[in-house]
Amino acid sequence: HGSLPVAPRIATHVLAGLAVAWLALDVPGPFGIVGVAGTAWWVLWTVSSINVTNFLDGIDGMIGLQVLVFGLHIARLDAGHGSASILAAALVGSALGFLAWNWAPARIFMGDVGSAALGMLLVVTGVLAQRTGHWPVSLVFLPLFPIFLDAAVTLLRRWRRGASLTQAHRSHLYQRLANGGWGHARVSLLYGVAAAAGLVVSSVAEAPGRPYALPFYFGTVMLAGFLLDRLGMPFGRRG
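Rules of the game
- Residues numbered from 1 in each chain as written.
- Predicted model: local features only at pLDDT ≥ 70, side-chain atom pairs only at ≥ 80, totals over all residues.
- Heavy atoms only, no water.
- Helix = DSSP H or I, 4+ residues; strand = E, 2+ residues; numbered from the N terminus.
- Buried < 20%, exposed > 50% of the residue type's maximum accessible area, 1.4 Å probe, protein only.
- Areas by Shrake-Rupley, 256 points an atom, 1.4 Å probe, with all protein chains shown as cover.
- Lys, Arg positive; Asp, Glu negative; His and termini not counted.
- Charge placed at Lys NZ, Arg CZ, Asp CG, Glu CD.
- Expected span 1.5 Å × (residues − 1).
- Phe/Tyr/Trp six-rings, centres within 6.5 Å; stacked < 30°, edge-to-face > 60°.
- Patch = residues over 30% accessible without salt bridge, like charges linked within 9 Å, V, L, I, M, F, W, Y side chains within 5 Å.
- Salt bridge = Lys/Arg side-chain N within 4 Å of Asp/Glu carboxyl O.
- Axes fitted to C-alpha atoms, helices over the stretch in contact; angles between N-to-C directions.
- Parallel < 35°, antiparallel > 145°, perpendicular 65-115°, else oblique.
- Left-handed = near helix turned anticlockwise from the far one by under 90°.
- Contact = heavy atoms within 4.5 Å.
- Nonpolar A, V, L, I, M, F, W, Y, C, P; charged D, E, K, R; others polar.

Undergrad: Tell me what's going on with the overall build of the chain, and back it up with residues and numbers.
TA: From N to C terminus, the chain includes ten helices and zero strands. Along its sequence from the N terminus, the chain presents helices and strands in the succession α-α-α-α-α-α-α-α-α-α. Its C-alpha atoms give the chain principal-axis dimensions of about 45 × 40 × 35 Å. When burial is assessed residue by residue, the chain has 44% of its 239 residues classed as buried. About 11,800 Å² of surface is accessible on the chain, with carbon and sulfur atoms providing 70% of the total. One finds the centroid of the 15 positive side-chain charges in the chain at a distance of 12 Å from the centroid of its 8 negative side-chain charges.

Okay, structure coming up:
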């Protein structure tokens, strides 16, 4: 019912990150090490996920579709072996139910509370999958790469221009595409397809002797984003 200052928001996000770090104590590899480095990583990743999910919840169907794809991805990775599958199924079901009302033209919206909660749940679901399947972090969160890339590039550009990083804006690539004539449904589908491609690539990357799969996906998504940005909606005209 009202806006909160940045400080209490970030403090709450950090507390959420500490809770995730505790949950990740059994995760194999460097990010499961008990200590400052492992804790700092999961706090950073959780805070980033909460805010990226909030940043990208700006057009109809965008985050609902991302959550749907990510839930299917984790359900495939975990394959019913642990609690990650249960949470993934809940994400898929809730995303489907929400998209029925949030797809363009939307009749309901999740708002900051919904998007922030989902941002944390995405990390928690991934951590649970890592605990049972020993999957690397790059593979678990692969379908989220397109939205994280959009957010990271936009923040970097705003920082270089001296713009406030905490002030609301409409300079994300997805916003410029939607406002430039593509419309909400087409842009949400574009990002949904990019996430679904990550789901497919993750299954390929699991096979031995295929180290090229992840770099190929990262490079393809970055190239597509570059072309859409440069050829379609130049950032400088719509900052």
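Following the structure, the description resumes.
Undergrad: With reference to specific residues and values, describe helix α7 (residues 145-161).
TA: The first and last C-alpha atoms of α7 sit 24 Å apart over 17 residues, in line with the 24 Å expected at 1.5 Å per residue. Of all the positions in α7, only F145, P146, I147, F148, L149, D150, A151, T154, R157 and R158 are classed as buried. Remark: G162 follows α7 within two positions and exhibits a positive phi of approximately 80°.

Undergrad: Lay out the packing of aromatic side chains in plain terms, naming residues and giving numbers.
TA: Each aromatic ring pair is described using two quantities: the centre-to-centre distance and the angle formed by the ring planes. The full count for this structure, using the stated rule, is nine aromatic pairs. Centroid distance W41 to W45: 5.4 Å. Interplanar angle 15°. Geometry classified as stacked. One end of the pair, W41, and the other, W45, are both in helix α2 (residues 36-56), four residues apart, so they sit about a helical turn from each other. For the pair Y217 and F218, a centre-to-centre distance of 6.2 Å together with 50° between the ring planes defines the contact as tilted. Joined through ring pairs, the aromatic side chains of W41, W42, W45, F70, F141 and F148 make up one cluster.

Undergrad: A description of a nonpolar patch on the surface should follow, citing residues and the corresponding values.
TA: Taken together, the side chains of V6, I10, V14, L15 and L18 present a nonpolar region at the surface, about 400 Å² in accessible area. Tracing the chain through its elements places I10 in helix α1 (residues 6-23).

Undergrad: Before we move on, can you summarise the packing of helix α8 (residues 173-182) against helix α9 (residues 184-205) with the specific residues and values?
TA: Where α8 contacts α9, the two axes come as close as 8 Å, and the packing angle between them is 140°. Accordingly, the angle class assigned to the pair α8 and α9 is oblique. Where α8 crosses over α9, the two elements pack in a sense that is right-handed. Residue-level contacts link L173, Y174, L177, A178 and W182 of α8 to H184, R186, V187, L190 and Y191 of α9. Its residues assigned to classes, the contact of α8 with α9 comprises eight nonpolar, one polar and one charged.

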